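Descriptive analysis of the structure
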Amino acid sequence: MSSYGRGQGYPCFVDDGESSTSSPWSFQRSPFSDYRDMLFHHQNPNPIRANYQTLEDAFSRLSVGPAQGSSLAAAKRFRFQSFGRGASDYASNGIGRMQGLVRYDRNDAVSPSASRDAFLSQTEPRSFLLGLPFSNDELRFGFPRKSHGGVVNGDGGSGSGYRLLPQPLTQCSVYDLKGKILALAKDQVGCRFLQERMRSLASPEEVSFVFLELIGNVVELMLDPSGNYVFQKLVEICCEEQRTSIILMVTKPNFQLVNISLDSHGTRAVQKLLEYVTTQEQRNLIMLALCPGIVALTKDSNGLHVIEHCLKLFSNEDNKYILDIVANNCFDIATDRSGCCVMQYCVDHAQGETKERLMNEIIINASLLADDCYGNYVVQHLVSLKIQRTTESILRQLKNKFFSLSCNKYGSNVVEKFFHDSGELYSTQIISELLCNPNVSMLLVDPYGNYVIKSALCVSKGPIRNTLRELVERHYPMMRNNLYGKKLLGWFDKWKLRQM
């Protein structure tokens, strides 16, 4: 690019029809075509830097003319060719983009002074020929918008030139798209058109045609930003046997389904596939493919949605493999940012012995989980279930540790959860343990302990509440000189007024 001066623009190449040598041409600013262009230039000398002028609009004002030193005397009509590139290389991203070379036919000459209208009048029909880039809408070398109604036609990389279909996309039957469906599916605009067309397929034969076009590339589609939406639509319209073929395709290599589920686009495709699983054979294939990566999936922000879909859509017997692995790796999963969410979801959807085993693993690790930044949510979730046997088991695990938990950023949440959800009996036991600690007054001025005292005053009754009130009143002087103590005193004074 540096070999061409700023005034020369960017080179393209000309086919002289006689040899393989090419002569450089360059893109230059076109002269003003009408009064509006002249007025715009007067107001905005540099259109690219104007706030309301886009780069595409500025580029649309370019025309093609000979570069310095070129002996060419006349402009030529240009055709677009692929030069061995695949269809995806020329996909439009909403902004006109040229990634190939531009060639012209020497036999078709157009005077350099010809106007835009005169030039277009001499060209072939627009459905077969791409004209010069007079505007952004005309500068489109990939899948055009619906308003232009064409799509590239070629063999996707055989070396033959690309041309436009002679009829608009809306008039093409699904059979006209043979060999182009994959390229359409991976294009941002083409995938939308394809989804609409797939939604209106009237016969099983048409569905089978699309299925056969895509079945060999389903993994590629699932991972593609645009293609994954076409895959989801394919899953919806397929019959049961075709879905089984898709599942076999994505589960055959080891860890392939796990890797797809970990991808931000693939996870959506897998979730849609799970929604349309109907047979036991399909469920078994999916479970066998997912089991080697269950721990990785539970700890991933994309993979956790796949696990949650399995728990929601499959039976407890089918999910037994998942739940057993989660129980075996309870602490590792529960202390992970994503894993703690999956653990709570597993507790809610497990049944019978599987649920009992999962809860027992959490209870055994309760003392370690309670003061963990993520594990505390799992312990709180078990307390919120209000199962008496489970609550008692957790209390036994945390006995004589409530004071240290009250001074912990995460453990204090667990203590307060007990106060609100375990009932008066268990709350009284915890408060009594706190009051028996010789350092209980430190909770009054602790950044987290003061919240525990507030909750204890709210839920306690009778003598235990009076003891807590005396504790606060006895340490007034100390609390007034502490930031957290002053906040607790302000709340305490208002609370006393409400109790009168």
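Residues numbered from 1 in each chain as written. Predicted model: local features only at pLDDT ≥ 70, side-chain atom pairs only at ≥ 80, totals over all residues. Heavy atoms only, no water.

**Examining the overall build of the protein chain**
We count it as follows: Strands here are runs of E lasting at least two residues and helices are runs of H or I lasting at least four, both read from the DSSP assignment and numbered beginning at the N terminus. Relative accessibility thresholds used throughout: buried, under 20% of the residue-type maximum; exposed, over 50%; partly exposed, between the two (1.4 Å probe, protein chains only). Here, residues are in contact when the closest pair of their heavy atoms is within 4.5 Å. Throughout, the Shrake-Rupley method with a 1.4 Å probe supplies accessible areas, and for residues the shown protein chains are the sole cover considered.
Within the protein chain one finds 28 helices and seven strands. Classification of the 500 residues of the protein chain by burial places 47% in the buried group. Taking the intrachain contacts of the protein chain between residues at least 6 apart in sequence as the baseline, contacts between residues at least 24 apart amount to 67%. Counting only carbon and sulfur atoms, one obtains 50% of the accessible surface of the protein chain, whose full area is about 25200 Å².

**Structural notes on the environment of Val-270**
Position of Val-270 relative to the elements: it lies in helix 11 (residues 266-275). Sequence-distant contacts of Val-270, defined by excluding residues within four places in its chain, comprise Met-222, Leu-257, Ile-260, Ser-261 and Val-306.

**What about helix 17 (residues 339-349)?**
Residues of helix 17 that are buried include every one of Gly-339, Cys-340, Val-342, Met-343, Gln-344, Cys-346 and Val-347, and no others. Buried-residue contacts for helix 17 involve helix 13 (294-298), helix 14 (303-313), helix 15 (320-328), helix 16 (330-334), helix 18 (352-364) and helix 20 (375-384).

**Some details on the state of the cysteines**
We apply this condition: Note on terminology: disulfide denotes any pair of cysteine sulfur atoms within 2.5 Å.
All chains considered together, the criterion is met by zero disulfides. With no disulfide of its own, Cys-239 has Cys-238 as its nearest cysteine by sulfur position, at a separation of 6.6 Å. Assessed through its relative accessible area of 37%, Cys-239 is described here as partly exposed. Cys-340 provides the cysteine sulfur closest to Cys-373, a residue in no disulfide bond, and the two sulfurs are 8.5 Å apart.

**With respect to the environment of Ala-296**
Mapping Ala-296 onto the fold places it in helix 13. According to the relative accessible area criterion, Ala-296 is partly exposed, its value standing at 41%.

**Here's the deal with the packing of aromatic side chains**
For clarity, the cut-off: Pairing of aromatic side chains here covers Phe, Tyr and the six-membered ring of Trp, requires ring centres within 6.5 Å, and sorts the geometry by plane angle: under 30 degrees stacked, over 60 edge-to-face, intermediate tilted.
Tallied over the full model, the rule gives four aromatic pairs. Residues Phe-402 and Phe-418 carry aromatic rings whose centres are separated by 5.8 Å and whose planes lie at 85 degrees to one another, so their mutual orientation is edge-to-face. In this pair, Phe-402 is assigned in helix 22 (residues 402-406) and Phe-418 in helix 23 (residues 411-421), connecting sequence segments 16 residues apart. Residue Phe-402 shares its accessibility class with Phe-418, and that shared class is buried.

**Quick notes on the pattern of salt bridges**
Heads up, the condition is: Within this document, salt bridges are pairs made up of a side-chain nitrogen of Lys or Arg and a carboxyl oxygen of Asp or Glu, the two lying within 4 Å of each other.
Tallied over the full model, the rule gives twelve salt bridges. Asp-324 is paired through a salt bridge with Lys-320; the nearest N and O atoms lie 3.1 Å apart. You can see Asp-324 and its partner Lys-320 sitting in helix 15, four residues apart, about one turn around the helix. In the salt-bridge network here, residues are joined through shared partners; they are Lys-233, Glu-236, Lys-272 and Glu-275.

**Description of the nonpolar core**
In summary, soluble globular proteins display a tendency toward joint burial of nonpolar side chains. Quick note on the threshold: Only buried Ala, Val, Leu, Ile, Met, Phe, Trp, Tyr and Cys residues count toward a nonpolar core, and they belong to the same one when joined by side-chain atoms within 4.5 Å.
Counting residues in each nonpolar core, the largest one holds 106 residues, and the members touching the most others are Val-210, Met-343, Ile-394 and Phe-418. Ile-394 has contacts with Ile-363, Ala-366, Val-379, Leu-382, Val-383 and Phe-418, leaving out every residue within four places of it along the chain.

**Side note on unusual backbone geometry**
Of note, the phi angle at Lys-386 is positive, near 60 degrees, even though the residue is not glycine. Here Lys-386 lies in the loop between helix 20 and helix 21 (388-398). Positioned with a positive phi, Asn-400 is a non-glycine residue whose angle comes to about 70 degrees. By secondary structure assignment, the location of Asn-400 is in the loop between helix 21 and helix 22. Take Asn-400: its relative accessible area is 64%, and that puts it in the exposed class.

**Here's the deal with the confidence of the model for the protein chain**
Caution applies to low-pLDDT parts of the model: their predicted coordinates are not meant to be read in detail. Applicable threshold: Residue-level confidence of the predictor is what pLDDT reports, using numbers from 0 through 100.
Mean pLDDT over the protein chain: 76, with 66% of residues reaching 70 or higher. Scored below 50 in pLDDT, residues 1-43 shows 78 contacts in the model against residues more than four places distant or in partner chains. In the predicted structure, residues 47-52 sits below a pLDDT of 50 and forms nine contacts with residues beyond four places in sequence or in another chain.

**Digging into the packing of helix 24 (residues 424-435) against helix 26 (residues 462-474)**
The relative placement of two packed helices comes down to the angle between their axes together with the axis-to-axis distance. Defined as follows: Comment: axis = line fitted to C-alpha atoms, over the contacting stretch for helices; angle = value between 0 and 180 degrees taken between N-to-C directions. Put simply, a crossing is left-handed when the front helix is turned counterclockwise from the back one by less than a right angle, and right-handed when it is turned clockwise. Residue type decides the class: Asp, Glu, Lys and Arg count as charged, Ala, Val, Leu, Ile, Met, Phe, Trp, Tyr, Cys and Pro as nonpolar, and the leftover types, Gly among them, as polar.
Contact geometry for helix 24 and helix 26: axes closest at 11 Å, N-to-C directions at 35 degrees. Remark: the crossing between helix 24 and helix 26 carries left-handed chirality. In this structure, helix 24 contributes Ile-431, Ser-432 and Leu-435 to the contact, and helix 26 contributes Ile-464, Thr-467, Leu-468 and Leu-471. By residue class, the composition of the contact of helix 24 with helix 26 is five nonpolar, two polar and no charged.

**A short note on the environment of Ser-200**
Note on placement: Ser-200 falls in the loop between helix 5 (188-199) and helix 6 (204-214). Between the C-alpha atom of Ser-200 and that of Ile-237, which follows or precedes it by 37 residues, the distance is 10.0 Å.

**A short note on the packing of helix 17 against helix 20**
Going by this rule: What sets the label is the angle itself: under 35 degrees gives roughly parallel, over 145 gives roughly antiparallel, 65 to 115 gives roughly perpendicular, and the rest give oblique.
At a minimum axis separation of 9 Å, helix 17 and helix 20 run at an interaxial angle of 20 degrees. By the angle between their axes, helix 17 is roughly parallel relative to helix 20. As helix 17 runs across helix 20, the sense of the crossing is right-handed. Seen from helix 17, the contacting residues are Cys-340, Met-343, Gln-344, Val-347 and Asp-348; seen from helix 20, they are Tyr-377, Val-378, His-381 and Leu-382. Looking at the contact of helix 17 with helix 20 residue by residue, the classes come out as six nonpolar, two polar and one charged.

**Let's talk about the side chain of Lys-272**
The residue Lys-272 is located in helix 11 in this model. Given the relative accessible area of 16%, Lys-272 is considered buried. Among all residues touching Lys-272, those that are not within four sequence positions of it are Gln-232, Val-235 and Glu-236.

**Overview of helix 11**
Of all ten residues in helix 11, eight are buried, a share of seventy percent or more. What helix 11 keeps buried is the set Gly-266, Thr-267, Ala-269, Val-270, Gln-271, Lys-272, Leu-273 and Leu-274.

**What about the side chain of Thr-298?**
Within the element layout of this structure, Thr-298 appears in helix 13. Thr-298 sits in the buried class, given a relative accessible area of 0%. Aside from chain neighbours lying at most four places away, what touches Thr-298 is Leu-304, Ile-307, Val-326, Ile-333, Asp-336, Ser-338, Gly-339 and Val-342.

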